[in-house]
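Chain and residue survey
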Amino acid sequence: MTKVTTPTAPESAIHRVWKSAQMYIAFHKDQKKQKREEPKLWPPKNGSASLHDDIAEQEAIVVVKAADAENTQDVQIKLHPSRIVVRRDADKWWQGVAMDDHSVTVRMADNTIIEIRHDGSIKRRSAEDETHVEADGSIFKWTPHAESMMTGDGIEMSRRTDDRIAAITHDGVVDRARKR
């Protein structure tokens, strides 16, 4: 006797995003070592590929096709000897993710870069500002208008602008005009 179970809520919410994956070798130069405008894509017969030292010559790529091309974009997974790059041509959300031994870096569609390092620190850079969360929890933020800092334990904070400095320290609170 087979027992029939009702899918759980998370199982019911899961929908198919990807429909296929195909590995290719991208040859960026022809047999005379001349750079091609578009790489020649060749699918290896056994689905296996060595990683070339020079990605300007050749690289291994897995193209993952979207199940619903209207709502999801195809993704390319580029396999390099020192990192893995996942990219797509997106006009919103993320466009690329690069992973190496030390970090994971994400490029967003608005050109914001988010880097998560091996020690747990995070850097976020955009056209307007830059924020660092250090491994100890300290936070640093730079904008065109101010520089801010908070220690990892939350005890000290400071803000500097062109004309003022304000800080909370072990010794008390400071808020004064900056000396120039």
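Quick note: structure is the one above.
First things first, this report covers the structure right here in the doc.

Each value, and the rule that gives it
Residues numbered from 1 in each chain as written. Predicted model: local features only at pLDDT ≥ 70, side-chain atom pairs only at ≥ 80, totals over all residues. Heavy atoms only, no water. Helix = DSSP H or I, 4+ residues; strand = E, 2+ residues; numbered from the N terminus. Rg over C-alpha atoms; globule rule 2.2 N^0.38 Å. Buried < 20%, exposed > 50% of the residue type's maximum accessible area, 1.4 Å probe, protein only. Contact = heavy atoms within 4.5 Å. Pairing = 2+ DSSP bridges. Core = buried A, V, L, I, M, F, W, Y, C linked by side-chain atoms within 4.5 Å. Salt bridge = Lys/Arg side-chain N within 4 Å of Asp/Glu carboxyl O.

1. A look at the overall build of the chain
In terms of regular secondary structure, the chain is built from one helix and 15 strands. Whereas a compact globule of 180 residues would reach a radius of gyration of roughly 16 Å, the chain reaches 24 Å, over 25% beyond that. A principal-axis box enclosing the C-alpha atoms of the chain has dimensions of 70 × 65 × 30 Å. The buried share of the chain, taken over its 180 residues, is 23%. The contacts of the chain with a sequence gap of at least 6 include a subset with a gap of at least 24, amounting to 21%.

2. A few points about the pairing of strand 4 (residues 75–79)
Relative to strand 4, strand 3 (residues 58–66) runs antiparallel, the two being bridged by five bridges. What sits directly across from Val-64, in strand 4, is Val-75. The pairing of strand 4 with strand 5 (residues 84–87) spans four bridges and is classified as antiparallel. The partner of Lys-78 across the bridge, within strand 5, is Val-85. With antiparallel pairing between neighbouring strands as the criterion, strand 4 and strand 5 make up a hairpin whose turn holds four residues.

3. Digging into the nonpolar core
Ranked by size, the top nonpolar core spans seven residues in total: Met-23, Val-62, Val-64, Val-75, Val-86, Val-97 and Val-106. Not counting residues up to four positions away in its chain, the partners in contact with Val-75 are Trp-18, Val-62, Val-63, Val-64, Val-86, Arg-87, Arg-88 and Trp-94.

4. Let's talk about unusual backbone geometry
Positive phi values are uncommon outside glycine, yet Trp-93 reaches one of about 65°. With respect to the element layout, Trp-93 can be found in the loop between strand 5 and strand 6 (94–99). With relative accessibility at 55%, the residue Trp-93 sits in the exposed group. Positive phi, close to 70°, is recorded for Asn-111, a residue that is not glycine. Counting through the fold element by element, Asn-111 comes out in the loop between strand 7 (103–108) and strand 8 (113–117).

5. Comments concerning the pattern of salt bridges
The tally for this structure, following the rule as stated, stands at nine salt bridges. Linking Glu-57 and Lys-33 is a salt bridge whose minimum nitrogen-to-oxygen distance equals 3.3 Å. On the criterion of sequence distance, the pair formed by Glu-57 in the loop between strand 2 (35–42) and strand 3 and Lys-33 in the loop between strand 1 (18–29) and strand 2 is long-range, its members being 24 residues apart. In this structure, Arg-87 engages Asp-89 in a salt bridge whose closest nitrogen and oxygen atoms are separated by 2.6 Å. Each member of the salt-bridge network shares a partner with another, and the members are Glu-115, Arg-117 and Arg-125.

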